[in-house]
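# Per-entry structural report
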Amino acid sequence: MATTYDFPSDLLAGQEELHQVRAELSALLKRLPWSVEPLDGFSDDNGWRKVERPASPGWTADEQAEVEKLRRREHELAVFVSTHRYWSELTGPERVAARSQLKHAHGAPPEETDGAP
């Protein structure tokens, strides 16, 4: 049976917000043009695979500000979670296992089986 850890509520909340911010940033970056600055499109088939990009209108000032805000918050949360005082209570492999479990703590708890059909 896997060890369960009693994470402090602020650490759980920080990890959950980190997941949310990363998902929001990823979704935003997928919606934005491929280039921050306006650039012409190109096609290059000289490499091991062909690369094509359409012309990019670039990002607006608001889009750049939103990306910067999300990246800054992501960094703050990553530092908060990784340097939380809770980690000083654990050592070595136990800390690694706990950190891995925290990353998945926002999802449904894993179902345990007792071996019975």
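Residues numbered from 1 in each chain as written. Predicted model: local features only at pLDDT ≥ 70, side-chain atom pairs only at ≥ 80, totals over all residues. Heavy atoms only, no water.

### Describing the overall build of the protein chain
Helices and strands together make up the secondary structure of the protein chain, namely 3 helices and 2 strands. Listing every helix and strand of the protein chain by position from the N terminus yields α-β-β-α-α. Here the protein chain holds 117 residues, and 21% of them are scored as buried. Partitioning the intrachain contacts of the protein chain with sequence separation of at least 6 by distance along the chain shows that 63% fall at a separation of at least 24. Just so you have it, the protein chain exposes about 8,800 Å², and 53% of that area is on carbon and sulfur atoms. (Helix = DSSP H or I, 4+ residues; strand = E, 2+ residues; numbered from the N terminus. Buried < 20%, exposed > 50% of the residue type's maximum accessible area, 1.4 Å probe, protein only. Contact = heavy atoms within 4.5 Å. Areas by Shrake-Rupley, 256 points an atom, 1.4 Å probe, with all protein chains shown as cover.)

### Some details on the packing of helix α1 (residues 9-31) against helix α2 (residues 61-82)
Between two packed helices, what matters for the description is the angle formed by their axes and the separation of those axes. Where α1 contacts α2, the two axes come as close as 9 Å, and the packing angle between them is 150°. By the angle class used here, α1 and α2 are roughly antiparallel. In the packing of α1 onto α2, the handedness of the crossing is left-handed. Taking contact as the criterion, the partners of D10, L11, G14, Q15, E17, L18, V21, R22, E24, L25, L28 and L29 in α1 are, on α2, E66, V67, L70, R71, R73, E74, L77, A78, F80 and V81. (Axes fitted to C-alpha atoms, helices over the stretch in contact; angles between N-to-C directions. Parallel < 35°, antiparallel > 145°, perpendicular 65-115°, else oblique. Left-handed = near helix turned anticlockwise from the far one by under 90°.)

### A few points about the packing of aromatic side chains
By the definition in use, this model includes 5 aromatic pairs. Summarising the aromatic geometry, the rings of Y86 and W87 are spaced 5.4 Å apart at their centres and angled 70° between planes, so their arrangement reads as edge-to-face. Aromatic ring contacts, followed pair by pair, group Y5, F7, Y86 and W87 into a single cluster. (Phe/Tyr/Trp six-rings, centres within 6.5 Å; stacked < 30°, edge-to-face > 60°.)

### Thoughts on a nonpolar patch on the surface
On the surface, a nonpolar cluster with roughly 270 Å² of combined accessible area is contributed by W34, L39 and F42. Relative to the assigned elements, W34 resides in the loop between α1 and β1 (42-44). On the accessibility criterion, W34 (34% relative accessible area) is partly exposed. (Patch = residues over 30% accessible without salt bridge, like charges linked within 9 Å, V, L, I, M, F, W, Y side chains within 5 Å. Salt bridge = Lys/Arg side-chain N within 4 Å of Asp/Glu carboxyl O.)

### Quick word on the environment of A97
Within the fold, A97 resides in helix α3 (residues 92-103). A sequence separation of 93 residues divides A97 from T4, and the C-alpha atoms of the two residues are 9.6 Å apart.

### Some points on the packing of α1 against α3
Where α1 contacts α3, the axes come no closer than 10 Å and their chain directions differ by 55°. Between α1 and α3, the angle falls in the class oblique. Within the contact between the two elements, α1 uses L11, L12, Q15 and H19 and α3 uses R99, L102 and K103. Split into classes, the residues belonging to the contact of α1 with α3 amount to 3 nonpolar, 2 polar and 2 charged. (Nonpolar A, V, L, I, M, F, W, Y, C, P; charged D, E, K, R; others polar.)

### Here's the deal with the pattern of salt bridges
Enumeration over the complete set of coordinates arrives at 7 salt bridges. Between R85 and D10 there is a salt bridge, with the nearest N and O atoms lying 3.8 Å from each other. One end of the pair, R85, is in the loop between α2 and α3; the other, D10, is in helix α1, and 75 residues separate them in sequence. Taking the relative accessible area as the measure of exposure, R85 reaches 58% and is therefore exposed. For the salt bridge of E76 with R73, the shortest nitrogen-to-oxygen distance reads 3.0 Å. Here E76 and its partner R73 are both found in helix α2, 3 residues apart, which amounts to about one turn of the helix. Overall, the relative accessible area of 30% leaves R73 in the partly exposed class.

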